[in-house]
Amino acid sequence: MKYDFKAIEKKWQQRWEQEGTFYAKEDHTLPKFYPLIEFPYPSGQGLHVGHPRSYTALDLVARKKRMEGYNVLYPIGWDAFGLPAENYAIEHKVHPKTVTEKNIQNFRRQLKALGLSFDWSREVNTTDPEYYKWTQWIFLKLYEKGLAYKANMDINFCTSCKVGLANEEVVNGVCERCGSEVVRREKEQWMLKITEYADRLIQDLDTVDYIERVKIQQKNWIGKSFGADIRFPIEGTREELLVYTTRPDTIYGATYMVISPEHPLITTLREGIENLAEIKVYQEEARKKSDFERTELNKDKTGIQIKGFHARNPISEQLIPIFVSDYVMMSYGTGAIMGVPGHDQRDYDFAKAFGLDIIEVISGGDISKEAYTGDGVLVNSPLINGMKVKEAIETMISHIEDRQLGYKKTNYKLRDWVFSRQRYWGEPIPIIHCEHCGTVPLEEKDLPLILPEVESYETAEDGSSPLAKIEEWVNVTCPKCGGPAKRETDTMPQWAGSSWYFLRYTDPHNHEAFSSQENLDYWLPIDWYNGGMEHTTLHLLYSRFWHKVLYDVGAVPTAEPYAKRTSHGMILGENGEKMSKSRGNVVNPDEIIENFGADTMRLYEMFIGDFEKSVSWTENGVKGAKRFLDRVFKLPQWVRDETGYSEDLEVLIHQTIKKVSHDYEHLKANTAVAQLMTLVNEYYKRKSITRDEMKILLILLNPVAPHVTEEIWEKTGYPDTIAEQKWPQYLEEKTKEDTVELAVQFNGKVRFKIVVERSASGSEIEKMVLAHERFNEFTGGKAVAKVIVIPERLVNIVLK
RNA sequence: GCCGAAGUGGUGGAACUGGCAGACGCGUCGGACUCAAAAUCCGAAGCUCUUCGGAGCGUGGGGGUUCGAGUCCCCCCUUCGGCACCA
């Protein structure tokens, strides 16, 4: 009989669909398990072979947990708003909805062909008004809480997409999506106050089980630092300059000050600035520079002194010059710094370029060569001389606070989230601007605010959203005063819909709420979330933020959405490069399934290597996986009508149950599969196995290769289906042989081996070794200094 | 520059708290089957010497701790990921 994977896979997929085999149950008395994968963006390219790596890994766990009696919710949906569909629509003059729908159908077909045990009855789609109604509802909650606000600010603006970008979306100074140049532009934008949650987003990482590098990356991204804000008076005026520093201990070394080109002080002092015209030129140049130029290309320090004013160092009381330079950013701290060239390399470079004084205040380095940033003893600092850095910082901060010269301060690198997009294919922001009442939120009963039809999807030349062109949609009457008003025409970014989708899965057809309290109480938190490292500082942080807001308004029962987070490595092309059309190394999952079958595809991706690392695809590897399934398929010919395990196979079988059970749940399916291969190799040597030996193999292999194992199960005449079986248990005492082979080493080199009872004591083993016929062969006439016996491992004879 | 991960045969990768390095797969070689090939089945194999008994060397490089190090400590090199004039 031939292994006809096409027929087999089709048959079982139909059966699972008809019977709803993998639907989550509404029975809340059962123990629950909620694994989650990042729902895909249904792109026009179709499924990438990388998608199934993550999906299959959690599918193994989902299937195993079901067999262990858990009520499992393993859902799937579509993150379907976003730029690619819109750009395609612009180019081909079709509605993004049409494109999206087509892509979803394709993705659905491809995913179903993989036999993943998703609960297809709970599919969600972020572009469905029934879904985005609740995305808008959450926005209103953010607005009510004062966490959504409109601000006129410098934003990152993509010159090609004509859209404002969050800092997170600017990569190396270019747009993450299209790779075009990003410039700074002032625009009124909706912002979300994620910074208000910065501390909790750090702190609560201690309460969740994320892989360490995710935690570290999030912490670095939030970038919390401790220091002080210190006031430097401007001599001869009532103005002062507030600076943020993490090193108040170095204040005696502050020989100048720098403000960023956007700093308001320039305007405040304009009357008295002698070289105002020059400064304006510098400001203009800085404004034109993109962030990319300002940071990447222009490491050489530029700047200009503000003539006519000096600041007074509040501690040393010396008068020091003030400069404008673009190496200081308005967006961090106070937009002004004290320049300490002796102990900060950037300040050092600047001082060298402008011939400013460099004073050593911490000993230990050589400031004639470079800034010294290490620890040491304070010098040239009357108040804190002789102290070490840590003590000096504390002493100086309390001194400053006592004299009211400043105060302790914590800063974050994290900025508020730029939430507006001047694009069509996103959720409309449910806000009305009334001339009389100002900003008026829509009422809940008016949700969803449906995305209207437009004629063209392009962003207008002035940078406003395509929605702005639809007058009959934009012009409304104010819900408060009934006067003339206009709708907000910006839409939300793609991150909106994906910030809460996992909540909708728990109750996807609810019309009254995004989910019932009861379902949320039962299903949350997500037990295990697997996804890509690229989402660590974007999606993962945003969704944690939204979840905390919802927690604060009492809408969800947990402070954190995900109890556990893991990450998968990428699958690269055969040449070791990222798969892409232009490199011509793209592997199409459809072809693999067509030629080798879904089970082979799943098995291969699980066996390919370390789950967390990137790996190259190899066609030969796929063939190897297929070969293994072929071997399994031929096993029934050797099944003899007998139950139980052969005595000499029992240990291997218990070891296999143990290893496979453990490895599936620790993302080590590669070694689980290796163990199953070992078992099958053993069956092949015997050419005769019992019904139970066949059965255990099928159950253990089922999560990886569900179709073929069900088929063999049925054909071999076992009752019911594997999906209905209980996950097997192993007995620890049966995972070990009665006798063990020990290596006997002489000075660390293995010379011979002995076989002993596992229960043999150290002294018994030692006696056996010393009495061994080959013992004297290796002593070389030397005396034995020591005998080290490691039970079940080895014996080491140390010779003098 | 800073933070993080990783360097193991021809190759992808195994190796629990330090305890026989190289499981399992791919590729290679040999055998069986075949007119032949493919497929399949069985077997061999880290490298270098070898008098065919075996001996030596081996986990990026150099030191160290230990009876014993892929694993722990110090220094260095390389690759990948993230951040980056963040004061």
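The rules behind the values
- Residues numbered from 1 in each chain as written.
- Chains lettered and ligands numbered in written order.
- Predicted model: local features only at pLDDT ≥ 70, side-chain atom pairs only at ≥ 80, totals over all residues.
- Heavy atoms only, no water.
- Near = heavy atom within 4 Å.
- Polar contact = N/O pair within 3.5 Å; in protein donor to acceptor, adjacent residues only side chain to side chain.
- Helix = DSSP H or I, 4+ residues; strand = E, 2+ residues; numbered from the N terminus.
- Nonpolar A, V, L, I, M, F, W, Y, C, P; charged D, E, K, R; others polar.
- Pairing = 2+ DSSP bridges.
- Contact = heavy atoms within 4.5 Å.
- Axes fitted to C-alpha atoms, helices over the stretch in contact; angles between N-to-C directions.
- Disulfide = S-S within 2.5 Å.
- Expected span 1.5 Å × (residues − 1).
- Buried < 20%, exposed > 50% of the residue type's maximum accessible area, 1.4 Å probe, protein only.
- Arc of directions from axis to C-beta.
- Parallel < 35°, antiparallel > 145°, perpendicular 65-115°, else oblique.
- Core = buried A, V, L, I, M, F, W, Y, C linked by side-chain atoms within 4.5 Å.
- Salt bridge = Lys/Arg side-chain N within 4 Å of Asp/Glu carboxyl O.
- pLDDT = per-residue confidence, 0-100.
- Phe/Tyr/Trp six-rings, centres within 6.5 Å; stacked < 30°, edge-to-face > 60°.
- Lys NZ or Arg CZ within 6 Å of the ring centre and 35° of its normal.

Chemist: So, the protein's contact with RNA strand B: which residues are in play, and what are the values?
Modeler: Neighbouring RNA strand B are 53 residues, the closest being Thr246, Tyr327, Arg346, Lys413 and Arg793. Of what RNA strand B places within 4 Å of the protein, 61% of the atoms are sugar or phosphate. Within the backbone of Glu741, one N or O atom sits 3.3 Å away from a base nitrogen of RNA strand B. In the model, a base oxygen of RNA strand B is placed 2.7 Å from a nitrogen or oxygen of the Asn796 side chain. With seven residues, helix α21 (residues 669-686) is the largest single contributor of residues to the surface near RNA strand B. Tallied by class, the residues present in the surface near RNA strand B amount to 20 nonpolar, 16 polar and 17 charged.

Chemist: Let's hear about the sheet that holds strand β25 (residues 564-567): which residues, and what values?
Modeler: Within the open sheet, the four strands sit side by side as β2-β24-β25-β11. Their pairing is parallel. The sheet is open, and its two borders are formed by β2 (35-37) and β11 (209-210), each paired with just one other strand. Alignment of strand β24 (residues 528-531) against β25, held across three bridges, turns out to be parallel. By the bridge assignment for β25, Gly531 is matched with Ser567. Lying on the sheet, helix α2 (residues 51-67) is in contact with β2 and β24; it crosses β2 at an angle near 170 degrees.

Chemist: So what's going on with the state of the cysteines? Residues and values would help.
Modeler: Think of a disulfide as a covalent bridge from one cysteine sulfur atom to another cysteine sulfur atom. By the definition in use, this model includes zero disulfides. For the unlinked cysteine Cys437, the closest cysteine sulfur is that of Cys481, found at 3.5 Å. A disulfide-free cysteine, Cys478 has its sulfur positioned 3.6 Å from the sulfur of Cys434, the nearest such atom.

Chemist: So what about helix α4 (residues 96-112)? Which residues, and what values?
Modeler: For α4, built from 17 residues, the straight-helix expectation of 24 Å at 1.5 Å per residue is met to within 8% by its first-to-last C-alpha distance of 24 Å. Where α4 is concerned, the buried positions are Pro96, Val99, Thr100, Asn103, Ile104, Phe107, Gln110 and Leu111. The buried residues of α4 occupy one face: seen down the axis, they fall within an arc of 130 degrees. Along its buried surface, α4 packs onto α2, β4 (77-78), α3 (83-92), β5 (124-125) and α17 (589-596).

Chemist: Tell me about helix α19 (residues 619-633), residues and numbers included.
Modeler: Compared with the 21 Å implied by 1.5 Å per residue over 15 residues, the 21 Å span of α19 between its first and last C-alpha is a close match. Contacts made by the buried residues of α19 are with α1 (5-19), α17, α18 (598-607), α21, α22 (691-701) and α23 (706-716).

Chemist: Break down the side chain of His654 for me, citing the residues and quoting the values.
Modeler: Along the chain, His654 falls in helix α20 (residues 650-664). On the basis of relative accessible area, His654 is assigned to the buried category, the value being 6%. What His654 contacts, discounting residues up to four positions off in sequence, is Tyr645, Tyr730, Leu731, Lys734 and Thr735.

Chemist: Account for the packing of α1 against α17, naming residues and giving values.
Modeler: Any two packed helices are characterised by how steeply their axes cross, that is the angle between the axes, and by the distance between the axes. Look at α1 against α17: their axes get within 8 Å of each other, and the N-to-C directions meet at 110 degrees. Taken together, the axes of α1 and α17 lie roughly perpendicular to each other. For the pair α1 and α17, contact is made by Phe5, Lys6 and Glu9 and by Ile593, Glu594, Asn595 and Phe596, respectively.

Chemist: Got a sec to walk through unusual backbone geometry? Specific residues and values, please.
Modeler: Between Leu447 and Pro448 the backbone carries a cis peptide bond, its omega angle lying at 0 degrees. Structurally, Pro448 can be placed in the loop between β21 (438-441) and α13 (471-474). In this structure, the amide linkage connecting Leu524 to the following residue, Pro525, adopts the cis form with an omega of -5 degrees. A positive phi angle, near 55 degrees, is found at Leu667, a position not held by glycine. For Leu667, the position within the fold is in the loop between α20 and α21. When its relative accessible area of 13% is taken as the criterion, Leu667 is described as buried.

Chemist: So, the nonpolar core: which residues are in play, and what are the values?
Modeler: Within the largest apolar cluster, 86 residues are counted, with the highest numbers of intra-cluster contacts made by Leu111 and Trp617. The leading source of residues in this core is α21, at nine residues. Other than its neighbours up to four places away in sequence, Leu111 contacts Leu47, Tyr55, Ile76, Trp78, Leu116, Phe118 and Trp120.

Chemist: A description of the pattern of salt bridges should follow, citing residues and the corresponding values.
Modeler: Applying the stated rule across the entire model yields 45 salt bridges. Across the salt bridge formed by Glu665 and Lys64, the nearest N and O atoms sit 2.4 Å from each other. Of this pair, Glu665 sits in the loop between α20 and α21 while Lys64 sits in helix α2, placing them 601 residues apart in sequence. With respect to class, Glu665 is no different from Lys64; both count as buried. Linked by salt bridges that have partners in common, Lys11, Arg15, Glu19, Glu711, Glu714 and Lys715 make up one network.

Chemist: Could you give me a rundown of the confidence of the model for chain A, with the residues and numbers involved?
Modeler: Confidence in the prediction for chain A averages 92 pLDDT; 98% of positions are at 70 or higher. Scored as a whole, the predicted complex attains pTM 0.93, and scored at its interfaces, ipTM 0.95.

Chemist: Residue-level account of the sheet that holds strand β16 (residues 319-324), with values.
Modeler: The four strands lie next to each other as β15-β16-β14-β17, forming an open sheet whose pairing is mixed. At either end of the open sheet lies a strand with only one pairing partner, and these are β15 (304-312) and β17 (336-339). For this sheet, the mean angle separating the axes of adjacent strands, direction not counted, is 30 degrees. In this sheet, β16 lies alongside strand β14 (residues 256-259) in parallel orientation, the contact comprising three bridges. When the bridges of β16 are listed, Ile259 appears paired with Val324. Running at roughly 105 degrees to β14, helix α11 (residues 345-354) makes contact with β14, β16 and β17 of the sheet.

Chemist: Could you give an account of the pairing of strand β23 (residues 484-487), with specific residues and numbers?
Modeler: Covered by surrounding structure in β23 are Ala485 and Arg487 only, the residues Pro484 and Lys486 on the alternate face being uncovered. Bridge analysis of strand β20 (residues 431-434) against β23 gives three bridges, and the strand direction is antiparallel. Opposite Cys434, over in β23, you have Ala485 as the bridge partner. Strand direction decides the pairing type here: strand β22 (residues 475-477) and β23, joined by three bridges, are antiparallel. Looking across to β23, one finds that Val476 is bridged to Ala485.

Chemist: So what's going on with the environment of Tyr282? Residues and values would help.
Modeler: Relative to the helices and strands, Tyr282 is located in helix α9 (residues 276-288). Once the C-alpha coordinates of Tyr282 and Thr302 are considered, the two residues, 20 residues apart in sequence, prove to be 9.3 Å apart. Residues within four places of Tyr282 in sequence aside, it is in contact with Pro261, Thr302, Gly303, Ile304, Val324, Ser325 and Asp326.

Chemist: Any chance you could break down the packing of aromatic side chains for me, citing the residues and the numbers?
Modeler: According to the stated counting rule, one finds 48 aromatic pairs in the structure shown. Seen in terms of ring centroids, Tyr3 and Phe633 are 5.1 Å apart; in terms of plane orientation they differ by 25 degrees. Their pairing is stacked. A residue pair is termed long-range when its members are at least 10 positions apart, and Tyr3 in the segment before α1 and Phe633 in helix α19 qualify at 630 residues. Both residues of the pair, Tyr3 and Phe633, count as buried. Between Tyr74 and Phe118, the aromatic rings sit 4.7 Å apart at their centres with planes inclined by 40 degrees, giving tilted as the arrangement. In this pair, Tyr74 is assigned in the loop between β3 (71-72) and β4 and Phe118 in the loop between α4 and β5, connecting sequence segments 44 residues apart. Every member of this aromatic cluster is reached through a ring pair, and the members are Phe139, Tyr143, Trp190, Tyr197, Trp417, Phe419, Trp495, Tyr542, Phe545 and Trp546. Seen from the ring of Tyr327, Lys301 lies directly overhead, with NZ or CZ sitting 5.3 Å from the centre. Over the ring of Tyr529 we find Arg565; its NZ or CZ atom is 4.8 Å from the centre of that ring.

Chemist: Give me the lowdown on the environment of Thr739, citing residues and values where you can.
Modeler: With respect to the helices and strands, the residue Thr739 is situated in strand β30 (residues 739-746). Those residues within four positions of Thr739 in sequence are excluded, and the remaining contacts are Val755, Val756, Glu757 and Arg758.

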